[in-house]
Amino acid sequence: MSDDVVLHVKGRVLVGPEDVRDDLWVVGGRVSFERPRAGDDVRTVEGWALPGLVDAHCHVGLDRHGAVPADVAEKQALADRDAGTLLIRDAGSPSDTRWIDDRADLPEIIRAGRHIARTRRYIRGYAWEIEPEDLTGQVAREARRGDGWVKLVGDWIDRDLGDLSACWPRAALDAAIAEAHRLGARVTAHCFAEDSLRDLVEAGIDCVEHATGLTSETIPLFVEHDVAIVPTLVNIATFPTLAAGGEARFPRWSAHMRRLHARRHDTVRDAYDAGVRVYVGTDAGGSLPHGLVADEVAELVAAGLPPVEALSATTWAAREWLGRPGLTEGAAADLVVYDTDPRADIRVLAAPRRVVLNGRIVG
């Protein structure tokens, strides 16, 4: 579709959960709610339109072994795009994917730099591995390298303990998170366990990934400090397999992982019911394939979120949280069109009719 073709999105345009318009026009790659002048070359797409979906925990340029070549990263980004994901928060990657910014046919990526982990306390090849005295300096470097986010590994298995445990002392977190905020970056952290959460929240963390260790004691703390969570339930579904693989060497860890998995839906529902902000993320790019955003939305609904709230967690609310526009006048035309109303049946997210990125039909 050339730049001089006007796209007419006709049917029902979900500007917000209750703000539904009949028409949207794409002129010069931008959203317009005003009918263009007569005589323009117009192409019509009919259906139910949403802002481009958001995957707020994704890893383009990463697989289970570490950084991948550019051609593999391209395939990952295309898989996300074809599933309707047009905005990604890349929650840690050792790859330089800045070249994607020059590709109008690939999703926008908001990067969190590279993971920051304690020495020998994370997946090999993923993170900068450092000790607490170096945390503030490394956070500052990743704050400058990323796009307004920094990613910590808040807990991981301690092989001497044989179970999950927190990675960082409180004083190191206080200084590092304060430095990130001074530099204008928000901080998020990988957390499976219970014991890492209080220190991270009280130190000023902005978001927690996975958050399987939330309890009735820490959920109110998240509400008080307005800390968001990205549960990545499609990833948490792998916990039983992980536990089975570690049973012989780390039985305590394996039992812990099974408990976290068993209560995963209750944990997310309790957090949501208490007022914790919940966003969609798949954790694709490690051991999981890309393009799972519809599956994650379905998991949030299975956990007990109302369908419209689960939908908002990958559209309207997610874009606002990440500082990107939705279907507003003059915004880049990033949208997905479906056959039926996704508010009535979120399963329709798995079958986009059309994907429009930067005003062009790409799928």
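What counts, and where the lines are drawn
Residues numbered from 1 in each chain as written. Predicted model: local features only at pLDDT ≥ 70, side-chain atom pairs only at ≥ 80, totals over all residues. Heavy atoms only, no water. Axes fitted to C-alpha atoms, helices over the stretch in contact; angles between N-to-C directions. Helix = DSSP H or I, 4+ residues; strand = E, 2+ residues; numbered from the N terminus. Parallel < 35°, antiparallel > 145°, perpendicular 65-115°, else oblique. Left-handed = near helix turned anticlockwise from the far one by under 90°. Contact = heavy atoms within 4.5 Å. Pairing = 2+ DSSP bridges. Phe/Tyr/Trp six-rings, centres within 6.5 Å; stacked < 30°, edge-to-face > 60°. Buried < 20%, exposed > 50% of the residue type's maximum accessible area, 1.4 Å probe, protein only. Lys NZ or Arg CZ within 6 Å of the ring centre and 35° of its normal.

Section: the packing of helix 2 (residues 135-145) against helix 3 (residues 170-182)
Then comes step 1: Contact geometry for helix 2 and helix 3: axes closest at 8 Å, N-to-C directions at 25°. With respect to their mutual orientation, helix 2 and helix 3 come out roughly parallel. The two elements helix 2 and helix 3 meet at a crossing, and its hand is right-handed. Of helix 3, the residues touching helix 2 (which contributes Leu135, Thr136, Val139, Ala140 and Arg144) are Ala172, Leu173, Ala175, Ala176, Glu179, Ala180 and Arg182.

A short note on the sheet that holds strand 9 (residues 108-111)
In any sheet, the strands associate via hydrogen bonds between backbone groups, in a parallel or an antiparallel arrangement.
Then comes step 1: The parallel open sheet is built from three strands, whose spatial order is 5-8-9. With partners counted over all chains shown, the strands left at the sheet margins are strand 5 (53-58) and strand 9, one partner each. Mean inter-strand twist for the sheet, computed between neighbouring axes without regard to direction, equals 20°.
Then comes step 2: As judged from the four bridges shared by strand 8 (residues 85-90) and strand 9, these two strands associate in the parallel manner. Directly across from Arg89, in strand 9, lies its bridge partner Ile110.

As for the packing of aromatic side chains
Then comes step 1: Going through the model one piece at a time under the given rule, you end up with six aromatic pairs.
Then comes step 2: Here the aromatic rings of Tyr122 and Trp156 are separated by 4.8 Å at their centres, their planes lie at 75°, and the arrangement is edge-to-face. Placement of Tyr122 in the loop between strand 10 (116-118) and strand 11 (128-130) and of Trp156 in strand 13 (residues 155-158) is noted, with a sequence separation of 34 residues between them. Take Tyr122 and Trp156: they sit in the same class, and that class is buried.
Then comes step 3: Cluster of aromatic residues (ring-pair linked, three or more members): Tyr122, Tyr126, Trp156, Phe192 and Phe239.
Then comes step 4: In this structure, Arg21 packs its charged tip against the face of Phe33, placed 4.6 Å from the ring centre.
Then comes step 5: Over the face of the ring belonging to Trp128 we find Arg114, whose NZ or CZ atom lies 4.5 Å from the ring centre.

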